[in-house]
Amino acid sequence: MSDEPGRIMAGEMAEQPAVLRRILERGAPQIQAVARAVAARGPRFVLLTGRGTSDNAALYAKYLLEIRLGMPCGLTSMSTTTAYGARPDLTDVLVIIVSQSGGSPDLVASTRAAREAGAVTLAVTNNPDSPLAAVSEYHVDVLAGPERALPATKTYTASLLALYLLVEGLRGGDGAAAHALPDIAERILARRDEVRTLAARYRFAERMVLTSRGYGYPTAREAALKLMETSYVPALAYSGADLLHGPLAMVDNVSPVIAVVTEGRGGEALQPVLDRLRGRGADLFVVGPRAQVEAASAGFVLPVDGVPEELQPVLEILPLQQLAYEVTIARGQDPDAPRALAKVTETR
């Protein structure tokens with residue numbers, strides 16, 4: 001426990017621009033080398049594995065791999081291996097395992113089983129000395145440094161950037177577009193007072209709904225997780241398409257809806273959902289372009305001019321991390337130490 005509630009989480013959120021720079025300056029060459037080695041193996045399919053925050057990072061990688069590489073991908077169900085003992089043929093399959101600590105037994109066991117089944121295994125962790133890194137054929141260190149707050153912040157954005165650079169390496173790119181991210185991240189995080197004012201709207205919220213499409217959908221899921229684990233507010237994340245298939249019925253003018261509107265095709269695909277939400281009188285909070293924010297009840301204008309759509313999730317999550325933090329502080333709770341949680345979750 002810290003002396004001041006939230007001190008550790010606040011400090012780790014503030015470190016994110018420096019972490020992004022570290023990856024670009026020190027981590028990129030190693031990631032490129034791993035990407036070349038993996039590409040030489042000629043994988044035919046990708047399976048992605050993670051839990052919690054790392055699962056959201058894995059979902060982001062799924063969008064990257066399918067859109068940027070045209071490679072079919074799936075998210076694994078580890079219980080098929082760890083609980084049911086299934087042993088599918090994974091010859092020529094790339095299995096990417098994302099984990100902050102690299103210590104969860106089910107991740108280690110499923111990775112070992114995947115490797116025995118013929119997979120090319122690649123761990124993306126914040127701990128190169130972890131059991132997961134040891135059992136994987138390849139490893140990428142996200143270089144986030146020790147993370148002590150229970151809610152993951154800097155390891156999430158570090159994982160996103162590392163995965164982006166990995167996919168760029170697999171397709172023969174250099175990832176140069178990512179070099180603008182640290183400076184923009186600094187500008188976003190400097191707007192903490194703006195987020196604190198916005199958070200006052202949601203201090204007494206009993207539930208929240210988050211939505212997005214495309215590259216922004218993992219952001220919506222991660223923001224929902226941050227809100228739930230810090231402030232204990234039930235937060236439900238839906239793809240905009242799924243929201244229209246039933247859950248829209250629970251939206252009213254009382255429960256806030258947070259929409260992550262990526263500048264690009266994902267945001268365009270979300271537009272009919274935004275129109276329906278406004279038509280229902282929803283209390284709509286938008287993270288995205290100025291025009292979308294101005295048409296909503298409230299929001300945060302994201303400065304992403306010139307940032308490719310596939311990189312915007314690294315920035316989109318920053319004000320939402322701060323929102324979760326500020327809502328939690330306003331509710332008199334400590335975001336550094338959510339109840340019933342541990343830093344390494346030992347699922348089996």
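Heads up: the structure comes first, above all this text.
*Asks:* Give me the overall build of the protein chain: which residues, what numbers.
*Replies:* On a plain count of helices and strands, the protein chain comes out with 14 helices and 10 strands. Here the C-alpha atoms of the protein chain give a radius of gyration of 19 Å, agreeing with the 20 Å that 2.2 N^0.38 yields for 348 residues. In the protein chain, which comprises 348 residues, the proportion classed as buried is 57%. Residue pairs at least 24 apart in sequence account for 77% of intrachain contacts in the protein chain once pairs closer than 6 positions are excluded. Summing over all exposed atoms, the protein chain offers an accessible surface of approximately 13,800 Å²; the carbon and sulfur share of this is 50%. In the protein chain, the 35 positive side-chain charges and the 39 negative ones have mean positions that sit 2 Å from each other.

*Asks:* Talk me through helix 3 (residues 53–68); I want residue IDs and the actual numbers.
*Replies:* In this model, helix 3 (16 residues) spans 22 Å end to end at C-alpha, consistent with the 22 Å of a helix rising 1.5 Å per residue. Every buried residue belonging to helix 3 is among T53, S54, N56, A57, A58, L59, Y60, A61, K62, L64 and L65, and all of these are buried. Buried residues along helix 3 sit against strand 1 (45–49), strand 2 (73–75), strand 3 (93–99), helix 7 (154–170), helix 10 (217–231) and helix 14 (312–330). Note on helix 3: the residue one or two positions beyond its end, G70, has a positive phi of about 65°.

*Asks:* Residue-level account of the nonpolar core, with values.
*Replies:* The biggest cluster of nonpolar side chains holds 79 residues, and the ones touching the most others in it are I96 and L315. Aside from chain neighbours lying at most four places away, what touches I96 is V46, L47, L48, T49, L65, L122, V124, L163 and L166.

*Asks:* Can you explain unusual backbone geometry? Please cite residues and give values.
*Replies:* Even without glycine at this site, D92 takes up a positive phi of about 65°. Within the secondary structure, D92 sits in the loop between helix 4 (79–82) and strand 3. The exposure class assigned to D92 is partly exposed, which follows from its relative accessible area of 38%. We note that Y232 has phi near 70°; this positive angle belongs to a residue other than glycine. Looking at the element boundaries, Y232 is found in the loop between helix 10 and strand 7 (235–239).

*Asks:* Help me get a handle on the packing of helix 2 (residues 16–40) against helix 7, residues and values and all.
*Replies:* Axis separation between helix 2 and helix 7 bottoms out at 8 Å; the angle between their running directions is 35°. Pair helix 2 / helix 7 crosses with right-handed handedness. For the pair formed by helix 2 and helix 7, the contact residues are Q16, V19, L20, I23, L24, A28, I31, Q32, V34, A35, V38 and A39 on the first element and K154, T157, A158, L161, A162, L165, L166, G169 and L170 on the second. Here the contact of helix 2 with helix 7 is built from residues that sort into 16 nonpolar, four polar and one charged.

*Asks:* Tell me about the packing of aromatic side chains, residues and numbers included.
*Replies:* The final tally for this structure, using the stated rule, is three aromatic pairs. Measuring from ring centre to ring centre gives 5.9 Å for Y202 and F285, while their planes differ by 70°; the resulting arrangement is edge-to-face. Of this pair, Y202 sits in the loop between helix 9 (192–199) and strand 6 (208–212) while F285 sits in strand 9 (residues 283–288), and the two are 83 residues apart along the sequence. Using a relative accessible area of 3% as the deciding quantity, one classes F285 as buried. Through a chain of ring-to-ring contacts, three or more aromatic side chains come together here, namely Y60, Y63 and Y215. In this structure, R191 packs its charged tip against the face of F300, placed 3.7 Å from the ring centre.

*Asks:* Give me the sheet that holds strand 2: which residues, what numbers.
*Replies:* Overall, parallel pairing links the five strands, which are arranged 2-1-3-4-5 in an open sheet. Pairing within the sheet leaves two strands with one partner each, and these edge strands are strand 2 and strand 5 (138–141). Pairwise comparison of adjacent strand axes, ignoring direction, gives a mean angle of 20° for this sheet. Packing against the sheet, helix 7 makes contact with strand 3, strand 4 (120–125) and strand 5, and its axis sits at approximately 160° to strand 3.

*Asks:* Tell me about the sheet that holds strand 9, and please be specific about residues and values.
*Replies:* Taken together, the five strands give an open sheet; going across it, the order is 7-6-8-9-10, and neighbouring strands pair in parallel fashion. Because the sheet does not close on itself, it has two edges, and the strands there are strand 7 and strand 10 (298–301). Averaged over all pairs of adjacent strands, the angle between their axes in this sheet comes to 15°, without regard to strand direction. Taken together, the five bridges between strand 6 and strand 7 define a ladder with parallel strand orientation. Residue pairing for strand 7: M208 is matched across the bridge by A235.

Reading the values: the criteria
Residues numbered from 1 in each chain as written. Predicted model: local features only at pLDDT ≥ 70, side-chain atom pairs only at ≥ 80, totals over all residues. Heavy atoms only, no water. Helix = DSSP H or I, 4+ residues; strand = E, 2+ residues; numbered from the N terminus. Rg over C-alpha atoms; globule rule 2.2 N^0.38 Å. Buried < 20%, exposed > 50% of the residue type's maximum accessible area, 1.4 Å probe, protein only. Contact = heavy atoms within 4.5 Å. Areas by Shrake-Rupley, 256 points an atom, 1.4 Å probe, with all protein chains shown as cover. Lys, Arg positive; Asp, Glu negative; His and termini not counted. Charge placed at Lys NZ, Arg CZ, Asp CG, Glu CD. Expected span 1.5 Å × (residues − 1). Core = buried A, V, L, I, M, F, W, Y, C linked by side-chain atoms within 4.5 Å. Axes fitted to C-alpha atoms, helices over the stretch in contact; angles between N-to-C directions. Left-handed = near helix turned anticlockwise from the far one by under 90°. Nonpolar A, V, L, I, M, F, W, Y, C, P; charged D, E, K, R; others polar. Phe/Tyr/Trp six-rings, centres within 6.5 Å; stacked < 30°, edge-to-face > 60°. Lys NZ or Arg CZ within 6 Å of the ring centre and 35° of its normal. Pairing = 2+ DSSP bridges.

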